[in-house]
Amino acid sequence: MDEVLLSVNLIWVMLGTILVFFMHAGFAMVEAGFTRSKNAVNIIMKNFLTISLGGIVYFLCGYAIMFGDSVGGIFGTSGFALKGVDDLSFFIFQTMFAATGATILSGAVAERTNIFAYVGVIILMSLVVYPVVGHWVWSGQGWLTDLGFVDFAGSTVVHLTGAVAAFVAAVMVGPRLGKYENGRVNVITGHSIPLGALGVFLLWFGWFGFNGASTLAADPELVPSVIANTFFAAAAGVVATAFYTKFRYGHIDGSLTLNGALAGLVGITAGAANVSIFGSLIIGLIAAPLLVEGVRFLEWKLKVDDPVGAIAVHGICGVWGTLAVGLFDIGGQGLFYGGGFGLLGIQAIGVIATIAWVSVSVAAGLLIIKAFVPLRVTAEEEIAGLDVMEHGTPAYEYQDIFKSSAVRGETFAHRLTHFGKAQNNVQEEQHV
């Protein structure tokens, strides 16, 4: 009987591993859909590199720093390249999580970042930034664990970590050309909302493994509760964002409503095993206005250009989800369930510590990367599109006219001029 139970638990965790891996397809589709078509290949390449290189770095060093023998509850020092590690199922499940922080950052600095600088970011996040936060919370030896900090599946460990890194990187890289001109904030629309919607559905689907398999066992009572909470928080996020944008802007905003699902998912991730369905609905409902106003505040007030809204989704809603555990925990620690302010205070400490560590480490890491390669591409490369300029191929057939001339080293203005002449010649031939 014990062997059967072990096998069932193993299958459940491995299924969750596969679902979390599939989430990277969702991240790629969201990022590609919410940005311009001339950068789609670049975005896909970044996402493939993130899970691939990030996984290798995590195997060699990141896992040891996250789960190795602790030094003062700060970081681990054993298990490099899995030396002495026997539980491969837990390792590979954690590996799927590890690259997510860099993926979140990818969306926030899309369309203008040097891909080799981004490779450095993948190494930085997978090697030390994310594993240190993970050690504090999930290693069983970390100082936040000792305080009683609760983050079931990563509202802080994964999402807030990625979002703070994204904020620092977006500030250091700077906004896209044309985003801010003469005191105006220009909207740069994505090229495919349907592609973005597909990405959100893939992420929502994968999130059932992200949260569900974080039980680390096929618990017949806990797993259904976690998955139910995951669904209802996302559903509430969608509905609330749709109605809130209708009230705020006079129409239901498509891209914000899609992000509303992700806002609810990020919000419930910390407390998926600790709250009721009613609590998950409230968490999703409140995540919606936080998302909408957060996007507006970052874009209009702070002038931080985030093409996909990653900082608001994963950062602001990550903070909310982490604090919400201190309000809605049904195990006797939640403020609304007679637990007082104790857990809420501990959750706040974890949030502040994570923001401080990630801000400093990522800023320092980016300065080191900048000493070797520029953080962003040249103005001409950005205008022409990173697909052709960095990868030598367009994502879509109609971009072929730009590909051949870019390879010859012609300027973007020259290409546009000849493109216009070619169109005029075709029209003249048709009239003849």
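Predicted model only: the values in this text are computed from it and were never measured. (Residues numbered from 1 in each chain as written. Predicted model: local features only at pLDDT ≥ 70, side-chain atom pairs only at ≥ 80, totals over all residues. Heavy atoms only, no water.)

A. Examining the overall build of the protein chain more closely. A tally of regular secondary structure across the protein chain gives 17 helices and four strands. If you line up the protein chain on its principal axes, its C-alpha atoms span 80 × 50 × 45 Å. Across the 432 residues of the protein chain, 54% fall into the buried class. Taking contacts inside the protein chain between residues at least 6 apart in sequence as the whole, the part at least 24 apart equals 75%. Counting every atom, the protein chain has about 17900 Å² of accessible surface; 70% of that belongs to carbon and sulfur. For the protein chain, the centre of its 19 positive side-chain charges and the centre of its 28 negative side-chain charges are spaced 15 Å apart. (Helix = DSSP H or I, 4+ residues; strand = E, 2+ residues; numbered from the N terminus. Buried < 20%, exposed > 50% of the residue type's maximum accessible area, 1.4 Å probe, protein only. Contact = heavy atoms within 4.5 Å. Areas by Shrake-Rupley, 256 points an atom, 1.4 Å probe, with all protein chains shown as cover. Lys, Arg positive; Asp, Glu negative; His and termini not counted. Charge placed at Lys NZ, Arg CZ, Asp CG, Glu CD.)

B. Local environment of the packing of aromatic side chains. Here the structure, examined in full by the defined rule, presents 16 aromatic pairs. Their ring planes at 65 degrees and their centres at 6.2 Å tell us that Phe 59 and Phe 91 sit as a pair that is edge-to-face. In this pair, Phe 59 is assigned in helix α2 (residues 40-67) and Phe 91 in helix α3 (residues 88-98), connecting sequence segments 32 residues apart. For Phe 59, a relative accessible area of 30% translates into the label partly exposed. Both rings, one in Trp 204 and one in Phe 231, keep their centres 5.8 Å apart while their planes meet at 25 degrees; by these two values the pair is stacked. Of this pair, Trp 204 sits in helix α8 (residues 193-212) while Phe 231 sits in helix α9 (residues 222-249), and the two are 27 residues apart along the sequence. Accessibility expressed as a relative area gives 35% for Phe 231, which makes it partly exposed. By way of ring pairs, the aromatic residues Tyr 58, Phe 59, Tyr 63, Phe 67, Phe 90 and Phe 91 are connected into one cluster. Over the aromatic face of Tyr 118 sits the side chain of Lys 46, whose NZ or CZ is 5.2 Å from the ring centroid. (Phe/Tyr/Trp six-rings, centres within 6.5 Å; stacked < 30°, edge-to-face > 60°. Lys NZ or Arg CZ within 6 Å of the ring centre and 35° of its normal.)

C. Molecular detail of the packing of helix α7 (residues 155-173) against helix α13 (residues 342-370). Between α7 and α13, the shortest axis-to-axis distance is 9 Å and the interhelical angle comes to 40 degrees. The pairing of α7 with α13 is recorded here as oblique in orientation. The interaxial crossing formed by α7 with α13 has right-handed handedness. When α7 is examined against α13, the residues Thr 156, Leu 160, Thr 161, Val 164, Ala 165, Val 168, Ala 169 and Met 172 are found in contact with a partner set consisting of Gly 350, Val 351, Thr 354, Ile 355, Val 358, Ser 359, Val 362, Ala 363, Leu 366 and Leu 367. (Axes fitted to C-alpha atoms, helices over the stretch in contact; angles between N-to-C directions. Parallel < 35°, antiparallel > 145°, perpendicular 65-115°, else oblique. Left-handed = near helix turned anticlockwise from the far one by under 90°.)

D. Expanded view of α3. Of all 11 residues that make up α3, nine are buried, and the element is covered over most of its length. Those residues of α3 that sit buried are Ser 89, Phe 90, Phe 91, Phe 93, Gln 94, Thr 95, Met 96, Phe 97 and Ala 98. Against α1 (2-33), α2, α4 (100-108), α5 (115-138), α7 and α8 lie the buried residues of α3.

E. Here's a closer look at a nonpolar patch on the surface. Residues Phe 167, Val 171, Phe 297 and Leu 302 make up a contiguous nonpolar surface patch of about 350 Å² in total accessible area. Relative to the elements of secondary structure, Val 171 occurs in helix α7. (Patch = residues over 30% accessible without salt bridge, like charges linked within 9 Å, V, L, I, M, F, W, Y side chains within 5 Å. Salt bridge = Lys/Arg side-chain N within 4 Å of Asp/Glu carboxyl O.)

F. Molecular detail of the confidence of the model for the protein chain. Per-residue confidence for the protein chain gives a mean pLDDT of 93; residues scoring 70 or more make up 92%. Of the regions scoring below 50 in pLDDT, residues 401-432 engages in 22 contacts with residues more than four places distant in sequence or in other chains. (pLDDT = per-residue confidence, 0-100.)

G. The arrangement of helix α12 (residues 310-328) in detail. Its 19 residues give α12 an end-to-end C-alpha distance of 25 Å, which sits within 8% of 27 Å, the value for a rise of 1.5 Å per residue. Buried residues dominate α12, accounting for 16 of its 19 residues. (Expected span 1.5 Å × (residues − 1).)

H. Region of interest: the environment of Phe 97. Here Phe 97 lies in helix α3. Taking the C-alpha atoms as reference, Phe 97 lies 9.9 Å from Gly 54; in sequence the two are 43 residues apart. Ignoring sequence-local partners within four residues, the contact set of Phe 97 consists of Val 20, Tyr 130, Trp 138, Ala 153, Val 158, Phe 210 and Ser 214.

I. Broad picture of the UniProt feature "domain: Ammonium transporter AmtB-like" (unreviewed entry) in the protein chain. According to UniProt, the positions carrying the feature "domain: Ammonium transporter AmtB-like" (unreviewed entry) are residues 12-396. As annotated, residues 12-396 comprises 69% helix and 2% strand, and the C-alpha atoms at either end are separated by 39 Å. (UniProt positions renumbered as here; feature names shortened; annotations may be inferred.)

J. Just the side chain of Arg 112, in detail. Note that Arg 112 resides in the loop between α4 and α5. With no salt bridge to any partner, buried Arg 112 finds its closest opposite charge in Asp 305, at an N-O distance of 4.3 Å. In this structure the side chain of Arg 112 is engaged in a polar contact, spanning 3.0 Å, whose partner is the backbone oxygen of Ala 110. At a separation of 2.8 Å, a polar atom in the side chain of Arg 112 contacts the main-chain carbonyl oxygen of Asp 305. Ignoring any residue separated from it by four or fewer positions in sequence, one finds Arg 112 in contact with Ala 170, Val 173, Gly 174, Pro 175, Arg 176, Asp 305, Pro 307, Leu 375, Arg 376, Val 377, Glu 382 and Leu 386. (Polar contact = N/O pair within 3.5 Å; in protein donor to acceptor, adjacent residues only side chain to side chain.)

K. The layout of surface pockets, seen in detail. There is about 680 Å³ of room inside the largest pocket. Every residue lining the largest pocket is counted, 27 residues in all, and those nearest its centre are Val 187, Ser 255, Leu 256, Val 295 and Glu 299. Per-element tally for the lining of the largest pocket: the top contributor is helix α11 (residues 277-301), with six residues. Of the residues in the lining of the largest pocket, the class split is 15 nonpolar, five polar and seven charged. (1 Å grid on protein atoms, 1.4 Å probe; cavity = no way out; pocket = protein on both sides within 12 Å on 5 of 7 lines; lining within 4 Å. Points joined across faces, edges and corners; volume = space filled by probe spheres on them. Nonpolar A, V, L, I, M, F, W, Y, C, P; charged D, E, K, R; others polar.)

L. Quick look at the pattern of salt bridges. If you walk through the whole model with that rule in mind, you get seven salt bridges. Sharing partners across several salt bridges, the network here consists of Arg 36, Glu 111, Arg 176 and Asp 305.

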